[in-house]
Amino acid sequence: MNRWKVAFFLLIALLSTVVVMFVLWVSSPPAKTDMSEPIATSEGNVFTLKTTKENFEGIANTYIRDALKTQPLPVIISVENQILLTTELTIFSINLPVIMKFDPIVEPDGNLRLLQTGVEVGKLDIPPKTVLKLLKDSVALPEWMIVRPDEEDVYIDLSRIPMKSDVEVRAKEFNLKQDEITLEILIPYN
């Protein structure tokens, strides 16, 4: 056999091998990619949201404003190393500025318990329990903000906050010193 014929058949074999290898390479599944699956519960899928103190403060005040619609904002939430509720109480026709200080506690059900750690009512020395009772009796708060003077706390029932599309919010972590707030958004199955 002639050298050119052998070279020709070798070239055909080489090209055929390259084409077959290319087709196999293109049609093979990609390398396994580590994709995290959404956390599914019996209620739906859970989306985890990490936010900052500043963003949480804005979200909280927006929901309070939306819940009270036409009324002036009775309480303003500020988030620093503690959660501060600022309002005014009228006692004997005198408006007194009130600043209540709370430590957030995440409850097992995902709701928030704001445990009162201090209170400033102008220059008056009023017990925290009394201030919470005055707040409960005189300030119209959304139904999901439950003032409990006997426990000296404000319970934030996140499951009762009206959301679009039946979405629910749960608190997961509240570390104000590290500026790490983690919320879970539950998207129910339809």
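Here the residue index of a chain counts from 1 through its sequence in written order. The predicted nature of this model means local features are confined to residues of pLDDT at least 70 and side-chain atom pairs, given and counted, to a pLDDT of 80 or more, with totals for whole chains, interfaces and linings taken over all residues. Side-chain descriptors were evaluated using all non-hydrogen atoms of the structure, hydrogens and water having been removed beforehand.

Participant: Describe in detail the side chain of Asp157, supporting the description with residues and values.
Facilitator: Only DSSP runs of H or I with at least four residues qualify as helices, and only runs of E with at least two residues qualify as strands; both kinds are numbered from the N terminus onward. Its place among the elements puts Asp157 in the loop between strand 8 (153-156) and strand 9 (168-175). Notably, Asp157 is buried but unbridged: the nearest opposite-charge side chain belongs to Arg160, and the N-O separation is 4.1 Å. Residue contacts are counted whenever heavy atoms from the two residues lie within 4.5 Å of one another. In this view, Asp157 contacts Asn111, Trp144 and Ile146; residues no more than four positions away in its chain are not counted. Buried means the residue's accessible area, taken with a 1.4 Å probe over protein chains only, is under 20% of the maximum for its type, while exposed means over 50%, and partly exposed covers the values in between. Counting rule for charge: Lys and Arg are taken as positive, Asp and Glu as negative, and neither His nor the chain ends is counted. By salt bridge we mean one thing: a side-chain nitrogen of Lys or Arg within 4 Å of a carboxyl oxygen of Asp or Glu.

Participant: Residue-level account of helix 3 (residues 128-138), with values.
Facilitator: Among the residues of helix 3, those classed as buried are Val131, Leu132 and Leu135. An end-on view of helix 3 places all buried positions within 100 degrees of arc, on one side of the element. Directions are taken from the helix axis to each C-beta atom, and the arc is the one they span.

Participant: Which residues make up the nonpolar core, and what are the values?
Facilitator: Formed by 37 residues in total, the largest nonpolar core has its most connected members in Phe56, Met100, Phe102, Val154, Ile156 and Phe174. Not counting residues within four places of it along the chain, the set of residues in contact with Met100 comprises Ile83, Leu84, Leu85, Thr87, Gln116, Gly118, Val119, Val131, Leu132 and Leu135. The term nonpolar core refers to a set of buried residues drawn from Ala, Val, Leu, Ile, Met, Phe, Trp, Tyr and Cys, joined through side-chain atoms within 4.5 Å.

Participant: Could you give an account of the pattern of salt bridges, naming the residues involved and the relevant values?
Facilitator: In a structure, side chains of opposite charge can pair up when their charged atoms sit close to one another. Under the defined criterion, the tally for this structure stands at six salt bridges. Note that Glu120 is salt-bridged to Lys101, the shortest N-O span being 3.0 Å. A residue pair is termed long-range when its members are at least 10 positions apart, and Glu120 in strand 6 (residues 112-121) and Lys101 in strand 5 (residues 94-106) qualify at 19 residues. By relative accessible area, Lys101 is classed as partly exposed at 27%. Two residues, Glu143 and Arg160, come together in a salt bridge whose shortest N-O distance is 3.9 Å. Taken together, the residues span a long stretch of sequence, with Glu143 in the loop between helix 3 and strand 7 (145-148) and Arg160 in the loop between strand 8 and strand 9 at a distance of 17 residues. On the accessibility criterion, Glu143 (55% relative accessible area) is exposed. Salt bridges here are not isolated pairs; linked through shared partners, they connect Arg113, Arg148 and Asp153.

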